[in-house]
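Below are the chains, spelled out letter by letter.
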Amino acid sequence: MKYARLFLAFACLVVMAGSCVTPKEVNYLDDVTPGVNIPLNSKFEATITPYDRLRIIVIGNGTEKELAEPFNPYGGLQESARYDQSGYLVDVNGNIQFPSLGMLHVQGLTRLQLQDTITHRLIKGGYMNDPFVDVRFTNFRVFVLGTADGGKVLDISNERCTFLEALAMAGGLSQFSRRDHIAVIREIDGEMVTRFLDPRSSEVFNDPFFLLQQNDIIVTQSFKRYYTQNIFNTSVSVIATVVSLISTVSLIYLMITGKN
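The sections below set out a description of the structure shown in this document. Please read all numbers here as calculations on a predicted model, not as lab measurements.

## Notes on a nonpolar patch on the surface
Next up, step 1: A contiguous nonpolar surface patch, about 320 Å² in accessible area, is contributed by Tyr51, Leu89 and Val92.
Next up, step 2: Within the fold, leucine 89 resides in strand β2 (residues 88-89).
Next up, step 3: Overall, the relative accessible area of 45% leaves leucine 89 in the partly exposed class.

Structure follows, in structure tokens:
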């Protein structure tokens, strides 16, 4: 019994030592120097890709209000909130079918570029003289896997999200998450491209994947010692239960034999 207790004490010390992490392993932006500015692409805009869903609203000024109605099959500006899941689905070839204008190739355009394209086509075709066109993504989402609860889907309302913002929205990283091996997976030209970003270094700001695109996937991993510790903790718990049962049985036995 004495050896069992010694083993449990030793096991507790091992678990405590194995669970320790150094600040260098977990601190965000550990190398940032105060007063040093890091430039960031302030004009970043997401580009349209196949299978995106777009909400496109056309508004006419003055006497042209009725002329805009055929271009709003999913509702006008006042009803737009009810049509978040509707809109124009970009097909596999990067095209959408737009009323009167027919097929438009939108892949690779930003939403502002598509707004200008539709505005120009409406004026050039004589449909309207002064249209107001508003284009929005309705599927700007980022997926985070490997969080404490398995994963999260982040809805980005302003169509701009950085790598660090996504981590914060997902609840941050645990002390057992590897900062040096966080993958950002993005579909580019029909291929899934993976880059590994490290939030401990200010170099993360210069990475082309720091500013996220819609449907990016972030995958985090845990240190191997995290899984080893879980197995060890389970083993220690089982041993502790067995030792406790043996102690209880021994105590009962001593009480019974002592009375006799």
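## Notes on the pairing of strand β6 (residues 141-145)
Next up, step 1: Only one face of β6 is buried: it carries Val142 and Val144, and the other face, with Arg141, Phe143 and Leu145, is open.
Next up, step 2: Examined bridge by bridge, β6 and strand β7 (residues 151-155) share 5 bridges and lie antiparallel to one another. Residue pairing across strands places arginine 141 opposite aspartate 155, the latter belonging to β7.
Next up, step 3: Note that β6 and strand β10 (residues 217-219) share 3 bridges and pair parallel. Counted as the bridge partner of valine 144 is isoleucine 218 from β10.

## Considering the packing of aromatic side chains
Next up, step 1: According to the stated counting rule, one finds 5 aromatic pairs in the structure shown.
Next up, step 2: Measuring from ring centre to ring centre gives 6.1 Å for phenylalanine 71 and phenylalanine 98, while their planes differ by 10°; the resulting arrangement is stacked. Remark: phenylalanine 98 occurs in strand β3 (residues 95-98) and phenylalanine 71 occurs in the loop between β1 (53-59) and β2; sequence separation between them is 27 residues. A single burial state applies to phenylalanine 71 and to phenylalanine 98, both of which are buried.
Next up, step 3: With a centroid separation of 6.1 Å and an interplanar angle of 80°, the aromatic rings of phenylalanine 137 and phenylalanine 140 are classed as edge-to-face.
Next up, step 4: Aromatic rings pair up to connect Phe71, Tyr88, Phe98 and Tyr127 into one cluster.
Next up, step 5: In this structure, arginine 186 is placed above the aromatic ring of phenylalanine 209, and the distance from its NZ or CZ to the ring centre is 4.1 Å.
Next up, step 6: Taking NZ or CZ as reference, arginine 195 lies 5.8 Å from the ring centre of phenylalanine 209, over its face.

Reading the values: the criteria
- Residues numbered from 1 in each chain as written.
- Predicted model: local features only at pLDDT ≥ 70, side-chain atom pairs only at ≥ 80, totals over all residues.
- Heavy atoms only, no water.
- Patch = residues over 30% accessible without salt bridge, like charges linked within 9 Å, V, L, I, M, F, W, Y side chains within 5 Å.
- Areas by Shrake-Rupley, 256 points an atom, 1.4 Å probe, with all protein chains shown as cover.
- Salt bridge = Lys/Arg side-chain N within 4 Å of Asp/Glu carboxyl O.
- Helix = DSSP H or I, 4+ residues; strand = E, 2+ residues; numbered from the N terminus.
- Buried < 20%, exposed > 50% of the residue type's maximum accessible area, 1.4 Å probe, protein only.
- Pairing = 2+ DSSP bridges.
- Phe/Tyr/Trp six-rings, centres within 6.5 Å; stacked < 30°, edge-to-face > 60°.
- Lys NZ or Arg CZ within 6 Å of the ring centre and 35° of its normal.

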